[in-house]
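Fold and contact review
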Amino acid sequence: MENKIIKGFSKLSRIEKLKYLGEISGKGDQIEADLDYFRLNDLEQQSLLDEISENTLSNFFLPFGIAPNFVINNKVYHLPMVTEESSVIAAASRSAKFWAGRGGFHARIVSVEKTGQVHFMWQGKSDRLKQVFPDLKKELMCATHSLTTNMRRRGGGILDVSLIDMSHELENYYQLHVSFDTLDAMGANFINSCLEMMAGTLESFIRNQKDWTVEERECEIVMSILSNYTPDCLVECWIECDIKDLDGVYDGMSGEVFANKFLKATQIAELDVYRACTHNKGILNGVDAVVLATGNDFRAVEANAHVWASQTGKYKSLTKAEISDGRFRYELKLPLALGTVGGLTKLHPLAKLGLELLGDPSSRDLMMLTAAAGLANNFGAIRSLVTTGIQHGHMKMHLSNLLNAFNANKAEKLMAKTRFAQSTVSYSEVENFLNTLRNTK
């Protein structure tokens, strides 16, 4: 690979980009063939995908699957999920089936506020700024009136603006802390546009305070940006049943023993940060898969969840288990800012299809469905951990990937699935099995 900086790469045509990559790698024909193979034959659709990101050369496919039979608030859903991890959809489906006969998943929206901030530096006594804030707030709301018209017409918009004094943390540092209801939109562009308008208004307002000193009339805007931490855009999801209804969850284990082992496993995730991280990853396996399948921002969702898990100052489990009066309850409370309009939700054909398969849900509905997917995956993981162990089911699902890695043919795959039906799957065992099989031919 050639060690040099290229200028103006984004201005090159796709053919020119491919030629350049081929020249510096020495694999021109192979690179072009590989990237062309994964492009769509439908030129209109491919053009749409090309424009989603910059310097697009091809498409990177991930499996789009369905986890069926989720009973959520007494309604049946078949959840679209996009993931590269082999056991995620299987675990979600298994948990959905298990709980369908035990009341299903229950969910409710706690709140739907999203947040943005204008970060600025101002020199002066904070009381002076607080004194004029009521007038400033009126000007901020007035300045953004035209931007919020359509959102307000539908029942959303800017909910509140507050002044936060952070000068005790960083000299002269203040924030405008703004809360929004963006309804069914993810709302990132709407929020950022409002914040930037507020920043300009703030500068002008401070500059025009005639009775302030020259120093007080100076304001430095550092940045204006939404926050992906949305503690007031919150969904709660739970499953519950009589402990006796857990009988048979695993052969030879009573419902009471299972429930108590499950409880201990979740308590460990509250106490130990190493376990909490993996525990919460199991939740996000399901959450991310639905978020991706519906064209939402999984990176924002993950960042949000991890900050929420750390809200006490220590990283903890996002879930809580409880046994009381002969009842088992397991709940997930999660900040989850999602949208069903805007962004890729209608632009990407499979994201659009994913939402259609869910009955074109509102953002509130999608929050609840996504939380259920997260709780289902996590329940499935804990269920395996306290019974068979995680590798038994996971590696069986991973068997297909291993066989493909060893270029197994159809006959070899059938024999391998029979061979490993009742035994532990591992890379070395699969490799040894195929080598033995091939050497006896």
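Residues numbered from 1 in each chain as written. Predicted model: local features only at pLDDT ≥ 70, side-chain atom pairs only at ≥ 80, totals over all residues. Heavy atoms only, no water.

Within an unreviewed UniProt entry, the label attached to the protein reads Hydroxymethylglutaryl-CoA reductase, and the organism entered is Ancylomarina salipaludis. Database annotation for the protein, UniProt heading Sequence similarities (unreviewed entry): "Belongs to the HMG-CoA reductase family." (UniProt positions renumbered as here; feature names shortened; annotations may be inferred.)

1. What about the sheet that holds strand β9 (residues 319–324)?
Taken in spatial order, the four strands of this open sheet run β3-β8-β10-β9, and their pairing is antiparallel. Two strands bound the open sheet, and with one partner strand each, they are β3 (106–112) and β9. Strand-to-strand twist in this sheet, taken as the mean axis angle between neighbours without regard to direction, amounts to 20 degrees. Bridge count for β3 against strand β8 (residues 233–242) is six bridges, and the pairing is antiparallel. Across the sheet, residue Arg108 finds its bridge partner in β8, namely Glu236. Against the sheet, helix α10 (residues 298–309) makes contact with β8 and β10 (327–335), and its axis sits at roughly 120 degrees relative to β10, the strand it touches most. Those strands touched by helix α12 (residues 363–385) are β3, β8, β9 and β10, and its axis lies near 50 degrees from that of β8. (Pairing = 2+ DSSP bridges. Helix = DSSP H or I, 4+ residues; strand = E, 2+ residues; numbered from the N terminus. Axes fitted to C-alpha atoms, helices over the stretch in contact; angles between N-to-C directions. Contact = heavy atoms within 4.5 Å.)

2. Details of the layout of surface pockets
If you add up the space inside the largest pocket, you get close to 1400 Å³. Among the elements of the structure, α3 (43–50), β4 (114–122), α7 (188–207), β7 (219–227), α9 (273–293), α10 and α11 (349–357) are those that each provide at least two residues to the lining of the largest pocket. Top element by residues in the lining of the largest pocket is α10. It accounts for five residues. Tallied by class, the residues present in the lining of the largest pocket amount to 27 nonpolar, 17 polar and three charged. (1 Å grid on protein atoms, 1.4 Å probe; cavity = no way out; pocket = protein on both sides within 12 Å on 5 of 7 lines; lining within 4 Å. Points joined across faces, edges and corners; volume = space filled by probe spheres on them. Nonpolar A, V, L, I, M, F, W, Y, C, P; charged D, E, K, R; others polar.)

3. Quick look at the domain arrangement of the protein
In terms of domains, the protein is made up of domain 1 (9–51), domain 2 (64–111 + 231–389), domain 3 (114–227) and domain 4 (394–439). Here the C-alpha centre of domain 4 lies 31 Å away from the C-alpha centre of domain 2. (Domains from an automatic or database assignment.)

4. What to know about the packing of aromatic side chains
Within the structure shown, the criterion is met by 18 aromatic pairs. With 5.8 Å between their ring centres and 20 degrees between their planes, Phe120 and Tyr174 make a pair best called stacked. Note that Phe120 is positioned in strand β4 and Tyr174 in strand β6 (residues 173–181), a separation of 54 residues in sequence. When its relative accessible area of 2% is taken as the criterion, Tyr174 is described as buried. (Phe/Tyr/Trp six-rings, centres within 6.5 Å; stacked < 30°, edge-to-face > 60°. Buried < 20%, exposed > 50% of the residue type's maximum accessible area, 1.4 Å probe, protein only.)

5. Comments concerning a nonpolar patch on the surface
The grouping of Tyr37, Phe38, Leu40 and Phe61 at the surface amounts to a nonpolar patch, some 440 Å² of accessible area in total. Of note, Phe38 is situated in the loop between α2 (28–37) and α3. (Patch = residues over 30% accessible without salt bridge, like charges linked within 9 Å, V, L, I, M, F, W, Y side chains within 5 Å. Areas by Shrake-Rupley, 256 points an atom, 1.4 Å probe, with all protein chains shown as cover. Salt bridge = Lys/Arg side-chain N within 4 Å of Asp/Glu carboxyl O.)

6. Some thoughts on the pattern of salt bridges
Counting across every chain of the model gives 16 salt bridges. Two residues, Glu216 and Arg128, come together in a salt bridge whose shortest N-O distance is 3.1 Å. With Glu216 in the loop between α7 and β7 and Arg128 in helix α5 (residues 126–143), the pair connects residues that are 88 residues apart, well separated along the chain. A relative accessible area of 11% means that Glu216 is categorised as buried. Residue Arg128 is classed as partly exposed on the basis of its relative accessible area, which comes to 26%. We note a salt bridge from Asp245 to Lys244, for which the minimum N-O separation is 3.7 Å. Assessed through its relative accessible area of 57%, Lys244 is described here as exposed. Taken together, the shared-partner salt bridges connect Arg108, Glu236, Glu240, Asp242, Lys244, Asp245, Arg327, Arg329 and Glu331 into one network.

7. Focus: α12
Structural remark: α-helix, 3.6 residues per turn; residues separated by three or four positions point the same way. In this model α12 runs 33 Å from its N-terminal to its C-terminal C-alpha over 23 residues, within 8% of the 33 Å that 1.5 Å per residue would give. Most of α12 sits inside the fold, with 19 of its 23 residues counted as buried. (Expected span 1.5 Å × (residues − 1).)

8. Observations concerning the pairing of strand β2 (residues 75–82)
Both strand β1 (residues 64–72) and β2 contribute to a ladder of seven bridges, which runs antiparallel. The residue of β2 that forms the bridge with Gly65 is Met81. In textbook terms, the turn of a hairpin is the stretch between consecutive antiparallel strands, and for β1 and β2 this stretch comprises two residues, one of which, Asn73, has a positive phi near 50 degrees.

9. Overview of the packing of helix α1 (residues 14–25) against α2
Look at α1 against α2: their axes get within 7 Å of each other, and the N-to-C directions meet at 135 degrees. Judged by the inter-axis angle, α1 sits oblique to α2. For the pair α1 and α2, the crossing hand works out as right-handed. Contacts between α1 and α2 involve Arg14, Leu18, Leu21, Gly22 and Ser25 from the first element and Gly28, Ile31, Glu32, Leu35 and Asp36 from the second. Partitioning the contact of α1 with α2 into residue classes produces four nonpolar, three polar and three charged. (Parallel < 35°, antiparallel > 145°, perpendicular 65-115°, else oblique. Left-handed = near helix turned anticlockwise from the far one by under 90°.)

10. Topic: unusual backbone geometry
Residue Asn73 is not a glycine yet carries a positive backbone phi of 50 degrees. Structurally, Asn73 can be placed in the loop between β1 and β2. The backbone of Asn74 shows a phi angle near 70 degrees, a positive value even though the residue is not glycine. As for its placement among the helices and strands, Asn74 is situated in the loop between β1 and β2.

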